[in-house]
Amino acid sequence: TNQTQRLRVSCNLAPEDQDRGDNTLINCCPPKLQKTIKPFVFPTENTVRMRWSAHKGTPEQMKKFKTAIQAMKDLPHDHPHSFASQAKIHCAYCNGAYTEVNSGFPDTRIEIHNSWLFFPFHRWYLYFFERILGKLINDPTFALPFWQWDETDGMQMPQMFVPENIDVNKNFLYDPFRDNKHLPPAIVDLDYADNDKPHNDQVQRNKCTMYRDLISNAGDPISFFGAIYEAGEEPIPDDKSIGSVETGCHNNVHRWVGDPNQPLHEDMGVFYSAARDPLFYAHHANIDRMWKLWKELRLPGHVDLTHPSWLNASYVFYDENEDLVMAMLMMLMLVVPYGQMARGYGQQVLVVFA
Ligand code: C2O
């Protein structure tokens, strides 16, 4: 029918690190690409998923999250819902595995960082990840934790990700490729520049960094979201094109968590492997929350973009039913903060933060 269309993105081997210009290629294409893509339809259920602050999670919330991640890790690797497949989605969209066949530029690679695609891509990515986890544990109210590094008590790596007094083989939220110096009680440095400069006033400095990323460097939509990036353009490597949050607290938390003894600071320190660390999703749930906080400041210029080429950009994901769906930014434009809620298309509640 004309409601569905054949998948016309093409997925290729991707360079491990585009910026370094070396030729190590990796395969991060999702499985079974020959399916039919359906247009995304907002769910009709009325369930509210309340995302929760990772350091304030109840034992029940933490147990559910752990069990759901475990269920994902227990799936065969080539299942579209497996943890490995989910992690590859990030690699595929971030390391240039896809080309823009759909928009008529079969030789142009897509990269969703360093531009205005950063926030909406990651919002969609978490949206499906969260629903898949909920389905795996049969809980339609399941919601992700967010690592609330912008709040004083949330500035350490959240305890549930830390292998303390536990068998690391049984902690499915653990990832061995992290910087051991940055386990609690270390306080995150939201302005981290690849070396530790111990500050007595780290908490205060982090608050200044938040002010910089959400206010002083974010006074208009392009400064906040990132530069214009349209079909047919080469990915923008230029740091000037990157949004305030992406280049600030976002990148710095990635680098602060990744293992400096790995060649590219895997896992969190480099795009291709970042989503292999379960902490990635809690970090990005907080990044998603930054979008809401920025708008709620209601300062002049704190409004969503309205360019048609932004609104019409789309991505392909496996949904919780293993269907391939085409999700468009257009729908995210309709997500407006409403009290504690972000309401989506047709007033469906899309994302809620506790
Ligand atoms: Cu797609 Cu935090 O990076």
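Residues numbered from 1 in each chain as written. Predicted model: local features only at pLDDT ≥ 70, side-chain atom pairs only at ≥ 80, totals over all residues. Heavy atoms only, no water.

Chemist: How would you sum up the overall build of the chain? Please name residues and give values.
Modeler: For the chain, the helix and strand inventory stands at 10 helices and 14 strands. Evaluated residue by residue, the chain yields a buried proportion of 53% over its 354 residues. Pairs at least 24 residues apart make up 69% of the contacts formed inside the chain by residues separated by at least 6 positions. Surface accessibility of the chain: about 15300 Å² in total, with carbon and sulfur atoms responsible for 53%. (Helix = DSSP H or I, 4+ residues; strand = E, 2+ residues; numbered from the N terminus. Buried < 20%, exposed > 50% of the residue type's maximum accessible area, 1.4 Å probe, protein only. Contact = heavy atoms within 4.5 Å. Areas by Shrake-Rupley, 256 points an atom, 1.4 Å probe, with all protein chains shown as cover.)

Chemist: Describe the packing of aromatic side chains, naming the residues involved and giving the relevant values.
Modeler: Taken as a whole and assessed by the stated rule, the structure comprises 26 aromatic pairs. Ring centres 4.8 Å apart and planes at 70 degrees place the aromatic pair Phe40 and Trp124 in the edge-to-face group. In this pair, Phe40 sits in the loop between strand E5 (36–39) and strand E6 (50–53) while Trp124 sits in helix H3 (residues 118–136), placing the two residues 84 residues apart along the sequence. For the residue pair Phe40 and Trp124, the accessibility class agrees, reading buried in each case. Three or more aromatic residues link up through ring pairs in this structure, and these residues are Phe40, Phe83, Phe121, Trp124, Tyr125, Tyr127, Phe128, Phe129, Phe280, Tyr281 and Phe317. (Phe/Tyr/Trp six-rings, centres within 6.5 Å; stacked < 30°, edge-to-face > 60°.)

Chemist: I'd like a rundown of the side chain of His81, residues and numbers included.
Modeler: Examined against the element boundaries, His81 turns out to sit in the loop between helix H1 (59–74) and helix H2 (83–94). Classification of His81 by relative accessible area gives buried; the value is 5%. Engagement of the side chain of His81 in a polar contact is seen with the backbone oxygen of Asp319, the distance being 2.8 Å. Those residues in contact with His81 that lie beyond four places of it in its chain are Met72, Leu75, Gln86, Ile132, Asp319, Glu320, Asn321 and Glu322. (Polar contact = N/O pair within 3.5 Å; in protein donor to acceptor, adjacent residues only side chain to side chain.)

Chemist: Please give an account of the side chain of Ser85 that cites residues and values.
Modeler: For Ser85, the position within the fold is in helix H2. A relative accessible area of 3% places Ser85 in the buried class. At 3.1 Å, the side chain of Ser85 and the backbone oxygen of His77 are in polar contact.

Chemist: How would you sum up the pairing of strand E11 (residues 324–328)? Please name residues and give values.
Modeler: With four of five residues buried, E11 is to be regarded as a mostly interior element. As paired elements, strand E10 (residues 314–318) and E11 share five bridges and run antiparallel to each other. Bridged to Tyr318 within E11 is Leu324. The antiparallel pairing of E10 with E11 creates a hairpin that spans five residues between the two strands, and Glu322 there sits at a positive phi of about 65 degrees. (Pairing = 2+ DSSP bridges.)

Chemist: So what about the packing of H1 against H3? Which residues, and what values?
Modeler: Two elements in contact, H1 and H3, have axes separated by 9 Å at closest approach and are oriented at 95 degrees. Between H1 and H3, the crossing angle belongs to the class labelled roughly perpendicular. From H1, Phe65, Ala68, Ile69, Ala71 and Met72 reach across to H3, where they touch Phe129, Ile132, Leu133 and Leu136. Residue composition of the contact of H1 with H3, grouped by class: nine nonpolar, no polar and no charged. (Axes fitted to C-alpha atoms, helices over the stretch in contact; angles between N-to-C directions. Parallel < 35°, antiparallel > 145°, perpendicular 65-115°, else oblique. Nonpolar A, V, L, I, M, F, W, Y, C, P; charged D, E, K, R; others polar.)

Chemist: With reference to specific residues and values, describe the packing of H2 against H3.
Modeler: Contact pair H2 / H3: the axes reach a minimum separation of 12 Å and the direction vectors enclose 170 degrees. Between H2 and H3, the angle is such that the two are roughly antiparallel. Residues Phe83, Gln86, Ala87, Ile89, His90 and Tyr93 of H2 form the contact with H3, whose own contacting residues are Phe121, His122, Tyr125, Phe129 and Ile132.

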